[in-house]
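# Inside the fold
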Amino acid sequence: MFGSILTIAVTMMQAYVFWRAGTVPLVRHHVPLKLLIGAGLVLWTVFFLGRVYGHAGDGTLAVVLEFCGMNWMVVLFLSTVCLLAVDLVTGFGLLLPGQAPALRGLALA
């Protein structure tokens with residue numbers, strides 16, 4: 001049960017972070033949308049395999065998958081907190097529409 005809730009929470013955080021990262025001018029100009037989506041899918045898959053296979057499996061591959069997946073979860077959590085703080089201050093871009101994308105970039109940095 002906890003694993004399912006954790007997977008749903010990480011999926012929501014990942015969707016939020018990649019959605020907001022796509023609005024950052026530096027990312028938007030230098031990273032194609034297909035590459036951004038592909039990277040998100042690969043990272044989510046690493047987390048999911050680490051959660052399912054790494055948690056129950058033995059061996060080096062299981063340990064590496066779980067280590068990478070849990071580290072990605074921590075990066076997502078910290079990115080989500082920073083982006084959410086910026087979005088709350090800027091009213092999700094409604095109060096400061098010109099500065100919000102740049103502030104999101106600072107939050108990701």
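Heads up: the structure comes first, above all this text.
Described below are features of the structure shown in this document. (Residues numbered from 1 in each chain as written. Predicted model: local features only at pLDDT ≥ 70, side-chain atom pairs only at ≥ 80, totals over all residues. Heavy atoms only, no water.)

### Quick notes on the overall build of the chain
Filter applied, for reference: A run of H or I in DSSP becomes a helix once it reaches four residues, and a run of E becomes a strand once it reaches two; helices and strands are each numbered from the N terminus. To be clear on the numbers: accessible area is Shrake-Rupley with a 1.4 Å probe, and residue cover counts the displayed protein chains and nothing else.
Helix and strand counts for the chain stand at 5 helices and 0 strands. The N-to-C order of helical and strand elements in the chain reads α-α-α-α-α. Expressed along its principal axes, the backbone C-alpha trace of the chain runs to roughly 50 × 30 × 20 Å. For the chain, the exposed surface amounts to about 6900 Å²; the carbon and sulfur share of it is 80%.

### Concerning unusual backbone geometry
The backbone of phenylalanine 92 sits at a positive phi, close to 55°, despite the residue not being glycine. With respect to the helices and strands, phenylalanine 92 occurs in the loop between helix H4 (60-89) and helix H5 (100-108).

### Section: the environment of leucine 94
Counting through the fold element by element, leucine 94 comes out in the loop between H4 and H5. Separated by 50 residues in sequence, leucine 94 and tryptophan 44 place their C-alpha atoms 30 Å apart.

### Quick word on the pattern of salt bridges
Stated precisely, the cut-off is as follows: Here, a salt bridge means any side-chain nitrogen of Lys or Arg that lies within 4 Å of a carboxyl oxygen of Asp or Glu. Exposure categories follow from relative accessible area, calculated using a 1.4 Å probe and restricted to protein chains: below 20% of the type maximum is buried, above 50% is exposed, and the middle band is partly exposed.
Evaluated as defined, the whole model comprises 2 salt bridges. A salt bridge links arginine 20 to aspartate 87; its shortest N-O distance comes to 2.9 Å. Of the two residues, arginine 20 is situated in helix H1 (residues 2-21) and aspartate 87 in helix H4; the sequence distance between them amounts to 67 residues. Comparing arginine 20 with aspartate 87 shows no difference in burial state: the two are buried. Aspartate 87 serves as the salt-bridge partner of arginine 104, at 3.0 Å between the closest nitrogen and oxygen. With arginine 104 in helix H5 and aspartate 87 in helix H4, the pair connects residues that are 17 residues apart, well separated along the chain. Across this residue pair, the class does not change: arginine 104 and aspartate 87 are buried.

### Some points on a nonpolar patch on the surface
Inclusion rule: Like-charged residues within 9 Å of one another, or nonpolar side chains (Val, Leu, Ile, Met, Phe, Trp, Tyr) within 5 Å, are grouped into patches, provided each residue has over 30% relative accessible area and no salt bridge.
On the surface, Val74, Phe77, Leu78 and Val81 cluster together to form a nonpolar patch covering roughly 370 Å² of accessible area. With respect to the helices, strands and loops of the structure, leucine 78 is situated in helix H4.

### Some points on the side chain of threonine 80
Let me state the cut-off plainly: In this analysis, two residues are considered to be in contact whenever any of their non-hydrogen atoms come within 4.5 Å of each other.
The residue threonine 80 is located in helix H4 in this model. On the basis of relative accessible area, threonine 80 is assigned to the buried category, the value being 12%. In contact with threonine 80, not counting residues within four places along its chain, are Met13, Tyr16 and Val17.

### Observations regarding helix H3 (residues 33-56)
So the rule is basically this: One fewer than the residue count of a helix, multiplied by 1.5 Å, yields its expected span.
If you check H3, its first and last C-alpha atoms are 34 Å apart, about what 24 residues at 1.5 Å a residue would give, namely 34 Å. Three or more residues of H3 are buried, namely Leu36, Gly40, Phe47, Gly50, Arg51 and Gly54. Close packing links the buried residues of H3 with H1, helix H2 (25-30) and H4.

### Things to note about the packing of H1 against H4
Put simply, the rule is: Interaxial angle, 0 to 180 degrees, is taken between N-to-C directions of lines fitted to C-alpha atoms, where a helix line uses only the stretch in contact. If an angle is under 35 degrees, it is roughly parallel; if it is over 145, roughly antiparallel; if it lies from 65 to 115, roughly perpendicular; otherwise it is oblique. We call a crossing left-handed when the near helix sits turned anticlockwise from the far one by less than a right angle, and right-handed when that turn is clockwise. Polar here means any residue outside two lists: the nonpolar Ala, Val, Leu, Ile, Met, Phe, Trp, Tyr, Cys and Pro, and the charged Asp, Glu, Lys and Arg; Gly therefore counts as polar.
The interhelical angle for the contact between H1 and H4, taken along N-to-C directions, is 55°, at an axis separation of 9 Å. When the axis of H1 is compared with that of H4, the two are oblique. Like other packed secondary-structure pairs, H1 and H4 cross with a definite hand, here left-handed. Facing Leu6, Val10, Met13, Gln14, Tyr16, Val17, Phe18 and Arg20 of H1, the residues of H4 in contact are Trp72, Met73, Leu76, Phe77, Ser79, Thr80, Leu83, Leu84 and Asp87. Class assignment for the residues of the contact of H1 with H4 results in 12 nonpolar, 3 polar and 2 charged.

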